[in-house]
Amino acid sequence: MLLAGFYYENWRPGAKQTKDRTQEEFLNHIRDYFRNINPDVDAESLVRAVFKIMAQRVSLGEIEDVINMMPPALRELWPATVRS
């Protein structure tokens, strides 16, 4: 849910949705979200930390489903232990 909150912040059903295909596009969304709070946020470290916590608290089967739905470039952000 946390990831969805970051990703779909200000989501409008009628508006065109973005489909991030690269890590840089995805991380730029995270940077944009935090620009007023902490413009120097390390977006990649933040995402990796969130994914690590999610991997610890959500069943492996559910995490694998989520990872398999993501573009390959974004899968690399997950801990290696759940990307096998």
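A brief look at the structure comes next. All figures in this text were calculated on a predicted structure; none of them were measured in a lab. (Residues numbered from 1 in each chain as written. Predicted model: local features only at pLDDT ≥ 70, side-chain atom pairs only at ≥ 80, totals over all residues. Heavy atoms only, no water.)

## Details of the overall build of the protein
Quick note on the threshold: Secondary structure elements follow DSSP: runs of H or I of four or more residues count as helices, runs of E of two or more count as strands, with numbering from the N terminus. Burial classes follow relative accessibility: with a 1.4 Å probe on protein chains only, a residue under 20% of its type's maximum area counts as buried, one over 50% as exposed, and anything between as partly exposed. In what follows, a contact means two residues having at least one pair of non-hydrogen atoms within 4.5 Å. Areas reported as accessible are Shrake-Rupley estimates using a 1.4 Å probe. Residue values count occlusion only from the protein chains shown.
Scanning the protein for helices and strands turns up 5 helices and 0 strands. Ordered by position from the N terminus, the helices and strands of the protein form the series α-α-α-α-α. The 84 residues of the protein split such that 26% are buried. Across the protein, the fraction of contacts at a sequence separation of at least 24, relative to all contacts at a separation of at least 6, is 43%. Entry remark: accessible area of the protein is about 6,100 Å², with carbon and sulfur atoms responsible for 52%.

## Thoughts on the packing of aromatic side chains
Worth spelling out the cut-off: Working definition: rings of Phe, Tyr and Trp (its six-membered ring) pair if their centres are within 6.5 Å, and the pair is stacked with planes under 30 degrees apart, edge-to-face with planes over 60 apart, and tilted otherwise.
Evaluated as defined, the whole model comprises 2 aromatic pairs. Aromatic pair Y33 and F34: ring centres 5.1 Å apart, planes at 80 degrees, arrangement edge-to-face. Both rings, one in F51 and one in W78, keep their centres 4.0 Å apart while their planes meet at 5 degrees; by these two values the pair is stacked. Placement of F51 in helix α3 (residues 43–57) and of W78 in the segment after α5 (72–75) is noted, with a sequence separation of 27 residues between them. We classify W78 as buried; its relative accessible area is 1%.

## What about the pattern of salt bridges?
Quick note on the threshold: Salt bridges are identified by distance alone: a Lys or Arg side-chain nitrogen within 4 Å of an Asp or Glu carboxyl oxygen.
Enumeration according to the criterion identifies 3 salt bridges in this entry. Across the pair E24 and R31 runs a salt bridge whose closest N-O atoms are separated by 3.1 Å. E44 serves as the salt-bridge partner of R48, at 3.0 Å between the closest nitrogen and oxygen. Placement of both R48 and E44 in helix α3 is noted, with a separation of 4 residues, approximately one turn of the helix.

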